[in-house]
Amino acid sequence: MARLTSRRPWRAVVLAVAALYFLLPLAASVVFTVDVPNQGVNLDAYGRILGTEGFLTSLLLSLELAAATIAVVLLLMVPAMVALRLGAPRLRPVVEVVCSLPLVVPPIAFVAGIGTVLKWGPEHLSTTPLFQTFVAIQDPDFPVVLVLAYVVMALPFVYRALDAGLRAIDVRTLMEAARSCGANGTQALVRAVLPNLRGALLNASFLTLALVLGEFTVAQLLGFRPFAVWIVNISGSQAQMSVAVSVLSLLVTWALLLALAAFGGRRAPSLTDSQK
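Asks: Got a minute to help me understand the overall build of the protein in this structure?
Replies: Tallying secondary structure elements over the protein gives 14 helices and 2 strands in all. Out of the 276 residues in the protein, the part that is buried amounts to 34%. At a minimum sequence separation of 6, the contacts of the protein that also span at least 24 residues come to 76%. Total accessible area on the protein stands at roughly 16,400 Å², and carbon and sulfur atoms take up 68% of it.

Asks: Can you help me understand the packing of helix H7 (residues 144–167) against helix H10 (residues 198–214) in this one?
Replies: Two measures define how a pair of helices packs: the angle their axes make with one another and the distance between the axes. Between H7 and H10, the shortest axis-to-axis distance is 8 Å and the interhelical angle comes to 155°. Considering their axes alone, H7 and H10 lie roughly antiparallel with respect to each other. The handedness of the crossing between H7 and H10 comes out as right-handed. Where H7 approaches H10, its residues Tyr150, Met153, Ala154, Phe157, Val158, Ala161, Leu162 and Gly165 are matched on the opposing element by Ala200, Leu201, Asn203, Ala204, Leu207, Thr208, Leu211 and Val212.

Asks: Just to check I follow, could you spell out the packing of aromatic side chains for this structure?
Replies: Pairs of aromatic rings are described using the distance from one ring centre to the other and the angle between the two planes. Under the counting rule described, the total for this entry stands at 4 aromatic pairs. A centroid spacing of 5.9 Å and a plane angle of 65° characterise the contact between Phe55 and Phe227, whose relative ring orientation is edge-to-face. A residue pair is termed long-range when its members are at least 10 positions apart, and Phe55 in helix H3 (residues 55–87) and Phe227 in helix H12 (residues 227–235) qualify at 172 residues. The pair Phe55 / Phe227 is uniform in exposure class, with both members buried. Joined through ring pairs, the aromatic side chains of Phe55, Phe227 and Trp230 make up one cluster.

Asks: I would appreciate a short explanation of the pattern of salt bridges in the present structure.
Replies: When their charged atoms lie close together, side chains carrying opposite charge are able to pair. In the structure shown here, the tally under the stated rule is 4 salt bridges. Of the charged contacts in the structure, one is a salt bridge between Asp163 and Arg92, with a shortest N-O distance of 3.0 Å. Residue Asp163 is found in helix H7, and its partner Arg92 is found in helix H4 (residues 92–104); the two are separated by 71 residues along the sequence. Asp163 gets classed as buried once you look at its relative accessible area, which sits at 7%. Residue class for Arg92 comes out partly exposed when judged on its relative accessible area of 21%. The residue Arg160 makes a salt bridge to Glu96 at a minimum N-O spacing of 2.9 Å. Highlighted residues: Arg160 in helix H7 and Glu96 in helix H4, separated in sequence by 64 residues. On the basis of relative accessibility, which here comes to 45%, the residue Arg160 falls in the partly exposed class. On the basis of relative accessible area, Glu96 is assigned to the buried category, the value being 18%. One network of salt bridges, in which partners are shared, links Arg92, Glu96, Arg160, Asp163 and Arg167.

Asks: Mind showing me how you'd approach the confidence of the model for the protein here?
Replies: Do not read the predicted coordinates in detail wherever pLDDT is low. Model confidence for the protein is summarised by a mean pLDDT of 82, while 89% of its residues fall at 70 or above. Low confidence marks residues 268–276, where pLDDT is under 50. Its contacts with residues over four positions away, or in another chain, come to 10 contacts.

Asks: Can you walk me through the side chain of Thr69 in this structure?
Replies: Take Thr69: it is sitting in helix H3. Apart from residues no more than four positions distant in its own chain, Thr69 is found in contact with Val147, Tyr150, Val151, Thr208 and Val212.

About the criteria used
Residues numbered from 1 in each chain as written. Predicted model: local features only at pLDDT ≥ 70, side-chain atom pairs only at ≥ 80, totals over all residues. Heavy atoms only, no water. Helix = DSSP H or I, 4+ residues; strand = E, 2+ residues; numbered from the N terminus. Buried < 20%, exposed > 50% of the residue type's maximum accessible area, 1.4 Å probe, protein only. Contact = heavy atoms within 4.5 Å. Areas by Shrake-Rupley, 256 points an atom, 1.4 Å probe, with all protein chains shown as cover. Axes fitted to C-alpha atoms, helices over the stretch in contact; angles between N-to-C directions. Parallel < 35°, antiparallel > 145°, perpendicular 65-115°, else oblique. Left-handed = near helix turned anticlockwise from the far one by under 90°. Phe/Tyr/Trp six-rings, centres within 6.5 Å; stacked < 30°, edge-to-face > 60°. Salt bridge = Lys/Arg side-chain N within 4 Å of Asp/Glu carboxyl O. pLDDT = per-residue confidence, 0-100.

Given below as structure tokens:
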């Protein structure tokens, strides 16, 4: 008991230091956006954000890309990891290495490879139906190529989150119990396994959302203009407003994460509930 009591002051000190480390830069940024020399506090930088050209379109584009990336990466990874855990557990180290490769490959090299493929396709496939596919995935209104790139970049984070969630539950027992109740493989996965992976799915969604909203290198080099690229583009001419947009984007990200957490906190109907 005495040991627990002696540790509490240290915990408070660590939390205080961590809070200062994260909150002081944010507070300094807020002061920079509202403190105008010889005028005092002025919120004009925040008032001009909505009227600035490209703000809403770039923000909506980033949110659309984030939603599509989360959907694609979860639809790809959840069935694959469940099947890996049930049918081929010895392949887990191989899948782990493959999913970790985006952490090893520099973003510059990654986007250079994507650019090479995008240039090679139209040159060699101009007489085939695939030419229109290369054109469609580079549509500036919704660049599918960015979704594909973000899915690859999110693989390490999604894999770790889902792997931790799957380790905490007995997938085989859940699947067998659901099948004994008359469910097929898909129903067993959706109604028995996924509700027990709610925390892992939320963590994977959080990480993917943060990655997409903050990613700059790939989008900039490929010539697209989501929210992070738009912030950098206006920072040279409107420094104060660019910091205000960064603060606002941080608040928007927090709000989205809280919304995801609130949505994930709702109890999903289980296979047992549906049979009552």
